[in-house]
Amino acid sequence: MDQTEASTLTREKMKSAGLSDAFISDFLLKIDSVRNGETGIVNWVEVGDLDPKEDEISFESILSSYPADPNLLSKLVVIKLNGGLGTSMGLEKAKSLIPIKNGLSFLAVMAKQIEYFRNLYKIDVPLLLMDSYNTQKDSLDELKKHGFKQNLPLSFLQHKVPRLDSKTFSPIQCKNPLDEWCPPGHGDIYFTMMEDGILDELLDKGYEIAFLSNGDNLGATISPNIVSFLLNEQIHFAMEMTPKTLADKKGGAIYRKTVAGKFIQYELLETAQVPKEHEREFSGLGKFRTFSTNNLWINLRALKERFSKGNFSLSLIVNPKVVENRHIIQLETAMGSAVGNFQKFKGIIIPRDRFSPVKKTEDYLVRRSDAYSLNEDYSLTMSLARKKLGLGEVLVSLDETFYKKINQFEVLFKETPSLLQAEELIVKGEIEFDVPVSIKGKVTFTNPNSELRKISSLKRVNFENETVNL
């Protein structure tokens, strides 16, 4: 299949799905760049270090120097990425619908976070969800169930793009038509906001700052102080970054793109863009001291102005996958890579409390346990009792054969263990946690048998720095 035929098929497929000509043309340009050799892999010699004094500011400094100002807070809109189905956890609906704490779903907690600040400052801070076709209806029903209302629309739809054959770059056909499509990455948010008129509507209503974050990160709550900082210092793009720990193997990092010793622009480096020979360096604790939490703060006027200049660029991520035993690619962009379009940037070094995502069942277990608490403002953070013990993140490893999918997890974790004083929990084999137990220090449970074992068979509930065979 030649280039023209592949492009025609792609255009026709996207057109029949109701996608706009402008969006289709942008996607075809991305395909052309890959066809011409673009891999998304960065040139490592251009990856320069951030300057802590010039490029970064601590969250604590912002809290002490930029007080909350209700007049400035009234210019804030909160946007949550809510398009994910949580397929890696075996979900077929929005991840944000599953219960996370006190019987409340992620979405219910998000709504309560917004309502808390609305009541505190007497300001109608709006919440917008960027949904996918798969998540919008159920998510809106969930918000309606909890009585959440506002004058602005609650949701807007992200685009979808065809998955492509890795050799011909033509759209694939699958037994299940849904498998022929994929999300274009959360970088799509800028294009969607412009194309759907959302950016103009927000500006017309007086909103100037957007706080963007992942829907599965319930530590990402409103900070009136950051709003004051951004508007007072005229910062156009800020990224919340947090120090790396041994638990952080992935996560993008901001760097200074430097060519021949000259600073060109800020860039976001994602795992998929790292040359293979530098993967260990990227995931380590040396060169990259912090990583992106995907909590972004953007000046909407600056965004509109930058768009009007044209060539608003996002780093392309070429994501290889296998679908129905054939090699395909997904072309994606990350919203954090928009940093390359702004000079007035700051990295905000935040405490871990503002980053508590749920990507895997291991994360889900930790957040549901007593190691984490739902606070007065409905932020989900490490519990105060655990902090007082001087403990960091709990390292959890669950046997993928039995715990990877949420339905498996729910069956085997009938009771959530106490992880308040845990440092590490490893579970090997099929073990049902049918009674409440307490984990302290580093504990490993092993079931080498082919049959299910129950934790209650041990006739004890306290475990500390030991390996337990069932």
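Heads up: the structure comes first, above all this text.
None of these values were measured; they are calculated from a predicted model.

Kindly report on the overall build of the protein chain, identifying the contributing residues and their values.
The secondary structure content of the protein chain amounts to 16 helices and 26 strands. For 470 residues, the compact-globule estimate of 2.2 N^0.38 gives 23 Å, and the protein chain sits close to it at 23 Å. Its C-alpha atoms give the protein chain principal-axis dimensions of roughly 70 × 60 × 50 Å. Sorting the 470 residues of the protein chain into buried and exposed places 53% on the buried side. If you take every contact in the protein chain between residues at least 6 apart in sequence, the share linking residues at least 24 apart comes to 71%. In the form shown here, the protein chain has an accessible surface area of approximately 21200 Å², with 49% of it arising from carbon and sulfur atoms. Here the protein chain contributes 60 positive and 63 negative side-chain charges, whose respective centroids are spaced 2 Å apart.

Could you give an account of the sheet that holds strand β14 (residues 262–269), naming the residues involved and the relevant values?
The three strands lie next to each other as β1-β13-β14, forming an open sheet whose pairing is antiparallel. Two strands close off the open sheet at either side, each with one partner strand: β1 (47–48) and β14.

Lay out the sheet that holds strand β21 (residues 395–398) with the relevant residues and their values.
Pairing between the strands of a sheet is mediated by backbone hydrogen bonds and can be parallel or antiparallel. Spatially, the four strands line up as an open sheet ordered β21-β22-β24-β26, and their pairing is parallel. Each end of this open sheet is capped by a strand with a single partner; those strands are β21 and β26 (462–469). For this sheet, the mean inter-axis angle between neighbouring strands, taken without regard to orientation, is 15°. Strand direction decides the pairing type here: β21 and strand β22 (residues 418–428), joined by four bridges, are parallel. Note that in β22 the partner of Val-396 across the bridge is Leu-425. On the sheet, helix α13 (residues 361–368) packs against β21 and β22 and is oriented at approximately 130° with respect to β21.

Report on the packing of helix α1 (residues 3–16) against helix α2 (residues 21–35), specifying residues and quantitative values.
Following both chains from N to C, one finds α1 and α2 inclined at 150°, their axes separated by 10 Å at the closest point. The two elements α1 and α2 meet at a crossing, and its hand is right-handed. Here Gln-3, Ala-6, Ser-7, Thr-10, Arg-11, Met-14 and Lys-15 of α1 come into contact with α2, specifically with Asp-21, Phe-23, Ile-24, Ser-25, Phe-27, Leu-28, Ile-31, Asp-32 and Arg-35. Residues belonging to the contact of α1 with α2 are distributed by class as follows: seven nonpolar, four polar and five charged.

Residue-level account of the side chain of Thr-446, with values.
Note on placement: Thr-446 falls in strand β24 (residues 438–446). Ignoring anything within four residues of it in the chain, the contact list for Thr-446 reads Lys-428, Ile-431, Thr-467, Val-468, Asn-469 and Leu-470.

Pulling in residues and values, what's your account of unusual backbone geometry?
In this structure, Asn-294 is a non-glycine residue whose phi angle is positive, near 65°. Within the element layout of this structure, Asn-294 appears in strand β15 (residues 290–299). For Asn-311, which is not glycine, the phi torsion reads 55° and is therefore positive. Assignment of secondary structure puts Asn-311 in the loop between α12 (300–308) and β16 (316–323). Take Asn-311: its relative accessible area is 67%, and that puts it in the exposed class.

Describe the pairing of β15, listing the residues and the values that go with them.
With 10 of 10 residues buried, β15 lies mostly within the body of the structure. Sheet topology note: the strand β11 (residues 209–214)/β15 ladder contains four bridges and is antiparallel. Looking at the pairing, Ala-210 lines up with Ile-298 of β15. Inspection of the sheet shows strand β12 (residues 237–243) paired to β15 by seven bridges, in the antiparallel sense.

Go over the packing of aromatic side chains with me, naming the residues and quoting the values.
If you walk through the whole model with that rule in mind, you get 20 aromatic pairs. Summarising the aromatic geometry, the rings of Phe-23 and Phe-191 are spaced 5.5 Å apart at their centres and angled 70° between planes, so their arrangement reads as edge-to-face. Remark: Phe-191 occurs in helix α8 (residues 188–195) and Phe-23 occurs in helix α2; sequence separation between them is 168 residues. Assessed through its relative accessible area of 4%, Phe-23 is described here as buried. Centre to centre, the rings of Tyr-116 and Phe-117 are 5.2 Å apart; their planes meet at 85°, and the pair counts as edge-to-face. Grouped by ring-pair contacts, the aromatic residues Tyr-364, Tyr-403, Phe-409, Phe-413, Phe-433, Phe-445 and Phe-463 constitute a single cluster. The ring centre of Tyr-133 lies 5.1 Å from the NZ or CZ of Lys-160, which sits over that ring.

Give a detailed account of the pattern of salt bridges, specifying residues and quantitative values.
Under the defined criterion, the tally for this structure stands at 22 salt bridges. The salt bridge involving Lys-15 is made with Asp-21; its shortest N-O contact spans 2.5 Å. A salt bridge links Lys-145 to Glu-142; its shortest N-O distance comes to 3.2 Å. Taken together, the positions of Lys-145 and Glu-142, both in helix α7 (residues 136–145) and three residues apart, correspond to about one turn of that helix. Via salt bridges that share partners, Glu-54, Asp-55 and Arg-256 belong to a single interconnected network.

The rules we used
- Once a new chain begins, its residue numbering starts again from 1 and follows that chain's sequence as written.
- The predicted origin of the model limits local features to residues at a pLDDT of at least 70 and limits the giving and counting of side-chain atom pairs to 80 or more, whereas totals for whole chains, interfaces and linings rest on all residues.
- Heavy atoms throughout the structure, all of them, feed into the side-chain values; hydrogens and water do not.
- Elements are defined by DSSP. Helices are runs of H or I of four residues or more, strands are runs of E of two residues or more, and each kind is numbered from the N terminus.
- Taken over C-alpha atoms, the radius of gyration is set against a globule rule of 2.2 Å times the number of residues to the power 0.38.
- Working definition: with a 1.4 Å probe on protein chains only, accessible area under 20% of the residue-type maximum means buried, over 50% means exposed, and in between means partly exposed.
- Residues are treated as being in contact if the distance between any of their heavy atoms lies within 4.5 Å.
- Residue exposure ignores everything except the shown protein chains as possible cover, and the areas themselves are Shrake-Rupley values with a 1.4 Å probe.
- When charges are counted, Lys and Arg are positive and Asp and Glu negative, with His and the chain ends excluded.
- To locate a charge, take NZ of a lysine, CZ of an arginine, CG of an aspartate or CD of a glutamate.
- In this scheme, strands are said to pair when DSSP sees at least two bridges between them.
- What counts as an axis is a line fitted to C-alpha atoms, over the stretch in contact for a helix, and the angles between N-to-C directions run from 0 to 180 degrees.
- Helix crossings fall into two classes, left-handed where the near helix is turned counterclockwise from the far one by less than a right angle and right-handed where it is turned clockwise.
- We call Asp, Glu, Lys and Arg charged. Ala, Val, Leu, Ile, Met, Phe, Trp, Tyr, Cys and Pro are nonpolar, and the rest, Gly among them, are polar.
- The rule is short: rings of Phe, Tyr and Trp, with Trp giving its six-membered ring, pair when the centres are within 6.5 Å, and they are stacked under 30 degrees, edge-to-face over 60, tilted in between.
- Cation placement over rings: the criterion is NZ of Lys or CZ of Arg within 6 Å of the ring centroid and within 35° of the ring normal.
- Whenever a carboxyl oxygen of Asp or Glu lies within 4 Å of a side-chain nitrogen of Lys or Arg, that contact is scored as a salt bridge.

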